[in-house]
Amino acid sequence: MKKSIFTTILALLVFQFTNLQAQTESYDAEYLKLVKEYTLNADGSYDFHYFKEIKLNTYYAFHRLFGETFIVYNPEYQELKINEAFTIMADGKKIVAPDNAFNEVLPGFARDIAAYNHLREMVVTHTGTEIGCVITLDYTVKTEKGFLPFFFGSEEVREIVPVKELNIIINVPDNIDLKHRMLNNRTAPAVTGNEGRKAYTWTFRDVPALSHASNQDPDRKEVLFFSTAKDMTAAYFAFVNQDAFKSQPGPAISRRVDTAVKDKKSDLDMILALQEVVIDELKLADIPLIYSGYKARTPDVAWQSANATGLEKAVLLSEMLKKANINACPVATVTNGWYSTEMGNPAVYDGYLVQVNPKETGRIYLSVTQ
């Protein structure tokens, strides 16, 4: 009887292992190891270290998904260093990426946006790719002090393919209080200290791939947020302490406001007229704020360039409305589950609107993109 039970349990374990292996191989690729490490230095600068080992299982994996790696950075504040890039082919042969495998281009989202044409995207073309090969890439991005208003960031746990082992590491000086918040995952960090530093390490194993379903609810995502801001109030004041939120629009903007509202009789008509100006007359510069250091250009500079990010449009529209004697202010939108008064982190902002209070309707929020 005992032998029969043992045999049954062993058979179930073999089945589960085989089934798990089959599920993994059904994906185009699998990360064998993935490391994302942030280090805040004593002088306020910080480093981001990225390491991946990924096994490719299909032709689609290296023709479409993982044959190249794209690294966007801002060379005015950041320096990129490729530490290692090589491929272990299915027969064990090691192919080191040659010099011509590294090519810098302008990121697609910065095209035709002159103010952001200094951004760069390193395209790493992985050589020796085939079914069964393992790609290794290791790089570091060093960021100068002052690029961000303070040290913060976010990392999503899941990828589009499974991950055998994922490590997210945040290193800070001993005298720095790191705030962190993990959503939809109970993994807690291991906290260690060494030579005046604290290291917070989250280790995940056998991470399932992201669902292919479209329109996924952000509230369900497994995301780690981290920050050195005391709370959301401190983060807010650090974020708005830049010229874009303080400067007064010049005569060119004032004249455009006067022209847009001269025939309008009601607050709502003036609001909608100015909203139309900002949407139609300034091209949307869809630049992720992480690459501008969460900085915005002043309304005058954005107006003269005829393009603006979502944040810049919100600030500009607010100032135009004030010129028309309508009280307005830019606001950030945040996914419900991501907001916390104790977690000061601009990475939770997912959009920008303008709040107004027309006499006819009471408070409303205006889109600056549509």
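One can find the structure itself at the top, above this paragraph.
A brief look at the structure comes next. (Residues numbered from 1 in each chain as written. Predicted model: local features only at pLDDT ≥ 70, side-chain atom pairs only at ≥ 80, totals over all residues. Heavy atoms only, no water.)

Next up on the list: the overall build of the protein chain. Scanning the protein chain from N- to C-terminus turns up 7 helices and 19 strands. Across the 370 residues of the protein chain, 46% fall into the buried class. For the protein chain, long-range pairs separated by at least 24 residues make up 74% of all intrachain contacts whose partners lie at least 6 apart in sequence. Entry remark: accessible area of the protein chain is about 19,500 Å², with carbon and sulfur atoms responsible for 50%. In the protein chain, 39 side chains carry a positive charge and 46 a negative one; their mean positions are 3 Å apart. (Helix = DSSP H or I, 4+ residues; strand = E, 2+ residues; numbered from the N terminus. Buried < 20%, exposed > 50% of the residue type's maximum accessible area, 1.4 Å probe, protein only. Contact = heavy atoms within 4.5 Å. Areas by Shrake-Rupley, 256 points an atom, 1.4 Å probe, with all protein chains shown as cover. Lys, Arg positive; Asp, Glu negative; His and termini not counted. Charge placed at Lys NZ, Arg CZ, Asp CG, Glu CD.)

So, on to the sheet that holds strand 11 (residues 179-183). The antiparallel open sheet is built from 3 strands, whose spatial order is 9-14-11. The outermost strands of the open sheet, each flanked by one partner alone, are strand 9 (152-156) and strand 11. Averaged over neighbouring strand pairs, the angle between their axes works out to 10 degrees when direction is ignored. Of the strand pairs in this sheet, strand 11 and strand 14 (residues 223-227) are connected by 5 bridges, and their pairing is antiparallel. Directly across from K179, in strand 14, lies its bridge partner S227. (Pairing = 2+ DSSP bridges. Axes fitted to C-alpha atoms, helices over the stretch in contact; angles between N-to-C directions.)

With respect to the helices and strands, the residue S266 is situated in the loop between helix 4 (251-261) and helix 5 (267-281). Classification of S266 as buried rests on a relative accessible area of 18%.

Here we take up helix 3 (residues 232-240). Every buried residue belonging to helix 3 is among M232, A235, F239 and V240, and all of these are buried. Viewed end-on, helix 3 has its buried residues packed into an arc of 120 degrees, placing them on one side of the element. Buried-residue contacts for helix 3 involve helix 7 (310-323) and strand 18 (349-356). Its side-chain oxygen placed 3.2 Å from the backbone nitrogen of T233, D231 serves as the N-cap of helix 3. (Arc of directions from axis to C-beta. Polar contact = N/O pair within 3.5 Å; in protein donor to acceptor, adjacent residues only side chain to side chain.)

Evaluation of the coordinates by the stated rule reveals 19 aromatic pairs. With a centroid separation of 6.5 Å and 65 degrees between ring planes, the pair formed by F48 and Y139 is classed as edge-to-face. Of this pair, F48 sits in strand 2 (residues 46-56) while Y139 sits in strand 8 (residues 134-143), and the two are 91 residues apart along the sequence. Given the relative accessible area of 8%, Y139 is considered buried. Ring plane angle 10 degrees and centroid distance 5.7 Å describe the contact between F109 and Y291, whose orientation is recorded as stacked. (Phe/Tyr/Trp six-rings, centres within 6.5 Å; stacked < 30°, edge-to-face > 60°.)

With that settled, the discussion passes to the sheet that holds strand 7 (residues 120-125). Backbone-to-backbone hydrogen bonds pair the strands of a sheet. The strands run either parallel or antiparallel. The strand order across the open sheet formed by 3 strands is 3-7-6, and the pairing between neighbours is antiparallel. Edge positions in the sheet fall to strand 3 (68-73) and strand 6 (102-105), since each has one partner strand and no second. The sheet shows a mean angle of 25 degrees between the axes of neighbouring strands, direction not considered. Across 6 bridges, the pairing between strand 3 and strand 7 is antiparallel. Bridge pairing links Y73 to R120 in strand 7.

Within the element layout of this structure, A90 appears in the loop between strand 4 (78-88) and strand 5 (94-96). Residue A90 is classed as exposed on the basis of its relative accessible area of 52%. Not counting the four nearest positions on each side in its chain, A90 is found in contact with E130, I131, G132 and C133.

With 8 of 11 residues buried, strand 2 is to be regarded as a mostly interior element. Pairing between strand 1 (residues 29-40) and strand 2: 11 bridges, direction antiparallel. Among the inter-strand pairings, E30 is bridged to a residue of strand 2, identified as K55. Joining the antiparallel neighbours strand 1 and strand 2 is a turn of 5 residues, in which G44 adopts a positive phi near 95 degrees.

What follows is about unusual backbone geometry. A positive phi angle, near 60 degrees, is found at N184, a position not held by glycine. By the element assignment, N184 lies in the loop between strand 11 and strand 12 (190-194). For N184, a relative accessible area of 46% gives the class partly exposed. Positive phi outside glycine occurs at A306, with the angle close to 65 degrees. Inspection of the secondary structure puts A306 in the loop between helix 6 (299-305) and strand 16 (307-308).

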